[in-house]
Amino acid sequence: MITQPIIANLRRHRLSEQTIRDIIIATLNALYSRRRALEIVTPEQQWWRPDPDSNVVQVASEKMRVLEDERRAMLSRLLGTNWEAG
């Protein structure tokens, strides 16, 4: 996981802030993409059902929202609240 000491180490190596930002965002995007794939059951994964199970849809949507909120909060903590503007 990315921590403040890792970011400080990247700065010591004189990487530009844009490069550091890109590394952090790409790393967290990959981490949360993997988590979504492993933790969320989607209606498509229940291919044998003729119609999507509404409970599966609802639970998947909520888990996606929670993971996205978590990802965004971590990016804000690591890069500051204006990380999207960079």
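It should be noted that the structure appears before, not after, this text.
Since the structure is predicted, the reported quantities are computational estimates derived from the model, not experimental observations.

## Description of the overall build of the chain
What the chain contains, in helices and strands, is 3 helices and 0 strands. When its helices and strands are written in sequence order, the chain yields α-α-α. Relative to a compact globule of 86 residues, whose C-alpha radius of gyration would be 12 Å, the chain shows 17 Å and is clearly more extended. Considering only C-alpha atoms, the chain reaches an extent of 55 × 20 × 20 Å along its principal axes. The buried share among the 86 residues of the chain stands at 22%. Looking at the chain alone, contacts between residues at least 24 apart form 62% of all its contacts between residues at least 6 apart. Of the roughly 6,200 Å² of accessible surface on the chain, a fraction of 56% belongs to carbon and sulfur atoms. Distance between charge centres in the chain, computed from 13 positive and 11 negative side chains, equals 9 Å.

## What about helix H3 (residues 54–79)?
In a regular helix each residue adds 1.5 Å, so 26 residues correspond to 38 Å; H3 covers 37 Å between its end C-alpha atoms and thus fits that length. Where H3 is buried, its residues meet helix H1 (4–12) and helix H2 (17–39). Looking one or two residues beyond H3, the residue adopting positive phi is Gly80, at roughly 95 degrees.

## Focus: the pattern of salt bridges
Counted by the stated rule, this structure contains 9 salt bridges. A salt bridge links Arg35 to Glu70, with the shortest nitrogen-to-oxygen separation between them at 2.4 Å. You can see Arg35 sitting in helix H2 and its partner Glu70 sitting in helix H3, a full 35 residues away along the chain. A residue is classified by how much of its surface remains accessible, and Arg35, at 23% relative accessible area, is partly exposed. Accessibility expressed as a relative area gives 31% for Glu70, which makes it partly exposed. Across the salt bridge formed by Arg71 and Glu68, the nearest N and O atoms sit 2.7 Å from each other. A residue pair is termed a helical-turn pair when its members lie 3 or 4 positions apart in one helix, as Arg71 and Glu68 do in helix H3 at 3 residues.

Rules used in this analysis
- In this convention, every chain numbers its residues from 1, walking through the sequence in written order.
- Local features in a predicted model are, by the rule used here, given only for residues with pLDDT of at least 70; side-chain atom pairs are given and counted only at 80 or more, and totals for whole chains, interfaces and linings are based on all residues.
- In computing side-chain properties, one takes all heavy atoms of the structure into account and sets aside hydrogens as well as water.
- Only DSSP runs of H or I covering at least 4 residues are called helices, and only runs of E covering at least 2 are called strands; the numbering of each starts at the N terminus.
- In this setup the radius of gyration rests on C-alpha atoms only. A globule is expected at 2.2 Å times the number of residues raised to 0.38.
- Partly exposed describes any residue whose relative accessible area lies between the buried limit of under 20% and the exposed limit of over 50%, with all areas from a 1.4 Å probe on protein chains only and scaled to the type maximum.
- Should any heavy atoms of two residues lie within 4.5 Å, those residues are counted as being in contact.
- Computed by Shrake-Rupley with a 1.4 Å probe, the accessible areas treat only the displayed protein chains as cover when residues are assessed.
- The charge count includes Lys and Arg as positive and Asp and Glu as negative, but it does not include His or the ends of the chains.
- To locate a charge, take NZ of a lysine, CZ of an arginine, CG of an aspartate or CD of a glutamate.
- Expected span, for any helix, means 1.5 Å times one less than how many residues it has.
- A pairing counts as a salt bridge when a side-chain nitrogen of Lys or Arg comes within 4 Å of a carboxyl oxygen of Asp or Glu.

In short, the description is geometric, and any link to function would need to be established separately.
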